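# Descriptive structure summary
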Amino acid sequence: MKIESVQPKAYLDISIDSKPIGRIVLELCDQQAPKSTSRFLQLCRGETIDRTLHSYKGANFDKVIKNFTIQARTTNSGASGNSDENAKALYEENLCESCPTFSLCWANTDSDLAGDQFFITTYPQPHLAKKYTVFGHVIHGKSVVREIERVSTNSQYEPTVAVVIDSCGEWDESMNIPIFNASYDQVGGDIYEEYPDDDQTIEEDSVESAFTAIERIKESGTILFKRGDKNQAYMKWRKCLRYIVEFDPDQDQNPEYFQKFKEVKKKIYLNLSLVTLQLKQYNDSIKYCTFLLDLDDAVEQERAKAHFRRGSAYFELNKLESSLVDLKTAHKILPSDELVSKKMQEAESALEAKKRKEKSKYAKFFG
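The shown structure was predicted, so the numbers you read here are calculated from the model rather than taken from an experiment.

Criteria and cut-off values
Residues numbered from 1 in each chain as written. Predicted model: local features only at pLDDT ≥ 70, side-chain atom pairs only at ≥ 80, totals over all residues. Heavy atoms only, no water. Pairing = 2+ DSSP bridges. Helix = DSSP H or I, 4+ residues; strand = E, 2+ residues; numbered from the N terminus. Axes fitted to C-alpha atoms, helices over the stretch in contact; angles between N-to-C directions. Contact = heavy atoms within 4.5 Å. Phe/Tyr/Trp six-rings, centres within 6.5 Å; stacked < 30°, edge-to-face > 60°. Buried < 20%, exposed > 50% of the residue type's maximum accessible area, 1.4 Å probe, protein only. Lys NZ or Arg CZ within 6 Å of the ring centre and 35° of its normal.

Attention shifts here to the sheet that holds strand 1 (residues 9-16). What the eight strands build is an open sheet, ordered 5-6-8-7-9-2-1-10; its pairing is antiparallel. Both edges of this open sheet fall to strand 5 (61-65) and strand 10 (163-171), since each of them pairs with a single strand only. Averaged over all adjacent pairs, the angle separating strand axes in this sheet is 25°, with direction ignored. Sheet analysis places strand 1 next to strand 2 (residues 19-28), joined by eight bridges and oriented antiparallel. In the strand pairing of strand 2, Leu12 is matched with Ile24. Most of the contacts of helix 1 (residues 34-45) go to strand 10, to which it runs at about 115°, and overall it touches strand 1, strand 2, strand 7 (103-106), strand 8 (118-121), strand 9 (134-140) and strand 10. Sheet strands touched by helix 3 (residues 142-149): strand 1, strand 2, strand 5, strand 6 (69-72), strand 8, strand 9 and strand 10. Its angle to strand 2, the strand with the most contacts, is close to 120°.

Right, let's get into the packing of aromatic side chains. Scanning the model with the defined rule gives 15 aromatic pairs in all. A ring pair is formed by Phe40 and Phe135, whose centres lie 5.4 Å apart and whose planes are at 65°; its orientation type is edge-to-face. Here Phe40 is found in helix 1, whereas its partner Phe135 is found in strand 9, with 95 residues between them in sequence. Residues Phe40 and Phe135 agree in their burial class; the two are buried. An aromatic cluster is built from Phe40, Tyr56, Phe61, Trp106, Phe118 and Phe135, whose rings are joined through pairwise contacts. Just above the ring of Tyr11 sits the side chain of Arg23; from NZ or CZ to the centre is 4.1 Å. Across the ring face of Tyr257, the terminal group of Lys260 is positioned such that the distance to the ring centre comes to 4.5 Å.

The next point concerns the pairing of strand 2. Counting buried residues in strand 2 gives seven out of ten residues, a clear majority hidden from the surface. From the end of strand 1 to the start of strand 2, which pair antiparallel, there are two residues, and Asp17 there has a positive phi angle of about 55°. Inspection of the sheet shows strand 2 paired to strand 9 by four bridges, in the antiparallel sense. Within the sheet, the bridge partner assigned to Val25 lies in strand 9 and is His140.

Bear in mind that shape data such as this cannot, by itself, settle questions of function.
Rendered as structure tokens:
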């Protein structure tokens, strides 16, 4: 009986612009690259090497190239000569002919050893396997990697906001995987990756398989919303929208599923407009309502909901004129809806009060 050895694992807790995003867990290839694995774990644990404390804690991802790599180095990148020698000693042969997405590699080479730089690939890079040591891969927190990949950068590919490793260390199965930018709850049958490009469960070139995934993700968000977990529901429906955009079929080639995708897209826009309104993310609610209203096939009931929610969001932002326009439109479609009527009257009263206050203010200058 063959017993597979358990490979060591490390974690990196990431924040972007001081906002916690989540944890990246990396499985390290100890048998193939023992020196690289040992060195990386030392740096994650924050150990003294050559009488100097070296750690990735507090370090920044200092280079981010979309569809290529994200790169970081230790906080003490001005490493001593002894440290450089250690880095040179750990340089090992590559582990694979290819360098798939989410590979962990040393950026150090024999000619570039300072700072214990590492990078994580965000797209397959087979040519890099010929130049750099590949010694691990991401097993959890792929959505965190994608979030880092999507930060804005300058012309030198340096992030314009701080992307920081707040904490790091060795990881084992008893530990949590905190994620703040995605929901990994599999309720409703959602077994899919946060980003469709990373998912390997949907059948290739199968619009039916993609639509099944979309329906499951949507249902997962609905279950969470009914449980009262609005933030998790928001992340599920936002994920669902990514899958809709990615797999949206051609109208001529697949008219049946083209229409199905349009219908589910409308539901997701409405779901997102509602949950963001309840989460007080008013600008996002306005955005999703506008997306729905821009569709040429939205029915009156759907348009009424979008106008009401957008009007309510404008109201909370004290944009009363815009609020009243939307609420009156919703009232025109649903004249007997008490909730719409009440909100419209509230907006009218607030706008009148605002006008009286402004009139009184300007009267002082001419009284």
